[in-house]
Amino acid sequence: MKISVIIPVYNAEEYVSQAVESALQFEEVYEVILIEDKSPDNALEVCRKLEEKHNRVKLYQHPDKGNHGAGASRNLGMEKVTGDFVAFLDADDYYLPNRFDAERELFKNPDVEGVYGAIGVKYYSEKAREQYYPIYKDKLDTVYKKTKPEDVYQGLISLRGTFGLIHLDTLTLRRSSLSKMDRFFETSLRLHQDSEVIIRFAYYLKLYTGINDEAIALRGVHENNRITKVDSGKINPAQTRVLLWRELNHWAENEKTVPDHVKLHIKRMLRSFEIAIAPPIKKWGMIGKYLITDYPSIRSGLFNINFRKNLF
C-alpha cells in the first residue's frame, strides 16, 4: 500500500508535529501532504522544519499564500497526492498504531473503495477537559455496527435509526475510485464540509466498516476548536447545520440517481433547521404551513427535534 495523508494546517503549531509523526510511524504512508493555510501562529515555520527533517513530508500553500479554509486546503491536497490510497488527518489530531490494520486486509479486495473506523478523544489540557468532558466524555465516534456499503450514506443522513458517524480522520479511500466524484470538499462551508463530503463519498463509493470497537485515531479537544464551540452550544448548532443541509439538498436535487424518498428526507431535514433559526413569528408561520402541507415533517421526532428547543 502507498498511502497519502493530507493534513490541512491552520493555527496548529503546538500540534502539527505530533500529527505528522503519528502518520510517519507507518511504512505504508508514502507521503504526508501539509497544506499550510496562512496560519496566524508559527505553524508555517514548524511545517518547513518537518519537511526538512522528513523526506516523506511535502509542504504546500495556496497559490496566493492566503487563507481559504480546511475544505479548500484538503482539495489542494487531493490535487497533490501521488499514492494509491488517500487518508486524512486534522493537524491537532493523531493516528494510533492500529490506524491501518483493517485497511491492510480489506483493501486486498478490489471491490473495497473505502474503509472507516472509530475515533476517540484526547483532552489537551485540564481546562479543555473541564469544559468539554460533559459533551464528549471518553466515547468513541463511529458507525455503531458493520453496515453494507450501499446502506452507509442513508445511515449518515439519519434514515437508518441510531447509526453513528464517520470521522474524516478514520477514512481511507482508494484513489482510483475517486474518479466517480465530480468534486470533493465544498469550499463554501467553513464548518461541516467534512460531514458533507463524507455523505457524498458514501453515496458514490463502496465504504466498508473497519475497526469500530476501538479508536484508531484520537481527536484533540482544546479551547480553540471551532467545531467544539458548536457542539458545546456556544454557537447555535442549527445556524451551521442549516448550511450543511442546504448544500446536501442542492446536491440531491441535482443528482438524478438519488431516490425520491431520500430527496424528500433531506429536504425535510433542511426545513427543520430553517425553522429552528427563523424569528418567532416566521417560525410559527412555517410550522403552521407544514402542519397542513407536510404533516409528517412536523409530527416526526426525527425532524422536529431540530427545532423543538428553539420554539420559544
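Read on for an overview of the structure. (Residues numbered from 1 in each chain as written. Predicted model: local features only at pLDDT ≥ 70, side-chain atom pairs only at ≥ 80, totals over all residues. Heavy atoms only, no water.)

1. Observations concerning the overall build of the protein
Line of reasoning, step 1. A count of helices and strands for the protein gives 13 helices and 10 strands.
Line of reasoning, step 2. On C-alpha atoms alone, the protein measures out to a radius of gyration of 20 Å, which is about the 20 Å that the 2.2 N^0.38 rule sets for 312 residues.
Line of reasoning, step 3. Projected onto its principal axes, the C-alpha coordinates of the protein cover approximately 65 × 45 × 40 Å.
Line of reasoning, step 4. Within the span of the protein, comprising 312 residues, buried residues form 55% of the whole.
Line of reasoning, step 5. Once local pairs closer than 6 in sequence are excluded, the contacts in the protein between residues at least 24 apart make up 75%. (Helix = DSSP H or I, 4+ residues; strand = E, 2+ residues; numbered from the N terminus. Rg over C-alpha atoms; globule rule 2.2 N^0.38 Å. Buried < 20%, exposed > 50% of the residue type's maximum accessible area, 1.4 Å probe, protein only. Contact = heavy atoms within 4.5 Å.)

2. Quick word on the sheet that holds strand β9 (residues 207-209)
Line of reasoning, step 1. In space, the 7 strands of this open sheet follow the order β3-β2-β1-β4-β8-β6-β9, with mixed pairing throughout. Single-partner strands in this sheet number two, and they are β3 (57-61) and β9. When strand polarity is set aside, the average angle formed by the axes of neighbouring strands in this sheet is 25°.
Line of reasoning, step 2. The pairing of strand β2 (residues 29-36) with β3 spans 5 bridges and is parallel. (Pairing = 2+ DSSP bridges. Axes fitted to C-alpha atoms, helices over the stretch in contact; angles between N-to-C directions.)

3. Notes on helix α10 (residues 260-277)
Given 3.6 residues to a turn, an α-helix orients residues that are three or four positions apart in the same direction.
Line of reasoning, step 1. Here α10 contains 18 residues, and its C-alpha end-to-end distance of 26 Å stays within 8% of the 26 Å for a straight helix at 1.5 Å per residue.
Line of reasoning, step 2. Looking at α10, one finds that the buried residues are V262, H265, I266, R268, M269, L270, R271, S272, F273, I275 and A276.
Line of reasoning, step 3. Summarising the contacts, the buried residues of α10 are in contact with α6 (149-156), α9 (237-254), α11 (280-293), α12 (295-299) and α13 (301-308). (Expected span 1.5 Å × (residues − 1).)

4. Quick word on the nonpolar core
Soluble globular proteins: nonpolar side chains tend toward being buried together.
Line of reasoning, step 1. One finds I166, L171, F201, L207 and W245 to be the most contacted residues of the largest nonpolar core, which totals 53 residues.
Line of reasoning, step 2. L44, V46, C47 and A217 belong to the second-largest nonpolar core, a separate cluster that totals 32 residues. (Core = buried A, V, L, I, M, F, W, Y, C linked by side-chain atoms within 4.5 Å.)

5. What to know about the packing of aromatic side chains
Line of reasoning, step 1. Taken as a whole and assessed by the stated rule, the structure comprises 10 aromatic pairs.
Line of reasoning, step 2. Judged by centre distance (4.6 Å) and plane angle (50°), the rings of F85 and F107 are tilted. Here F107 lies in the loop between α4 (101-106) and β6 (114-116) and F85 lies in strand β4 (residues 85-88), a separation of 22 residues in the sequence. F107 carries the same exposure label as F85, and that label is buried. (Phe/Tyr/Trp six-rings, centres within 6.5 Å; stacked < 30°, edge-to-face > 60°.)

6. Section: the environment of N306
Line of reasoning, step 1. Tracing the sequence through the fold places N306 in helix α13.
Line of reasoning, step 2. According to the relative accessible area criterion, N306 is buried, its value standing at 16%.
Line of reasoning, step 3. Along the primary structure N306 and V9 are separated by 297 residues, whereas in three dimensions their C-alpha atoms are 32 Å apart.
Line of reasoning, step 4. In this structure, N306 is in contact with M269, S272, F273 and A276, ignoring residues within four places of it in sequence.

7. Some details on the sheet that holds strand β5 (residues 94-95)
As a general point, the strands of a sheet are linked pairwise by backbone hydrogen bonds and lie either parallel or antiparallel.
Line of reasoning, step 1. Read from one edge of the open sheet, 3 strands run β5-β10-β7, paired in mixed fashion. Among the strands making up the open sheet, the edge pair consists of β5 and β7 (118-123).
Line of reasoning, step 2. Here 6 bridges tie β7 to strand β10 (residues 215-221), and the two strands are oriented parallel to one another. Following the sheet pairing, I119 is matched in β10 by A217.
Line of reasoning, step 3. Of the strands in this sheet, β7 and β10 touch helix α5 (residues 126-136), which is tilted by about 150° from β7.

8. Focus: the packing of α10 against α13
Line of reasoning, step 1. In contact at an axis separation of 7 Å, α10 and α13 are set at 20° when each is read in the N-to-C sense. The angle between α10 and α13 falls in the class roughly parallel. Between α10 and α13 lies a crossing whose hand is right-handed. Contacts from H265, R268, M269, S272, F273, I275 and A276 in α10 reach L302, F303, N306 and F307 in α13. (Parallel < 35°, antiparallel > 145°, perpendicular 65-115°, else oblique. Left-handed = near helix turned anticlockwise from the far one by under 90°.)

9. A closer look at helix α3 (residues 69-80)
Line of reasoning, step 1. End to end, α3 covers 17 Å across 12 residues, agreeing with the expected 16 Å (1.5 Å per residue, within 8%).
Line of reasoning, step 2. Burial analysis of α3 places 10 of its 12 residues in the buried class, which makes it a mostly covered element.
Line of reasoning, step 3. Within α3 the residues assigned to the buried category are G69, A70, G71, A72, S73, R74, N75, L76, G77 and M78.
Line of reasoning, step 4. For α3, the elements touching its buried residues are β1 (3-9), β2, β3, β4 and α7 (193-204).

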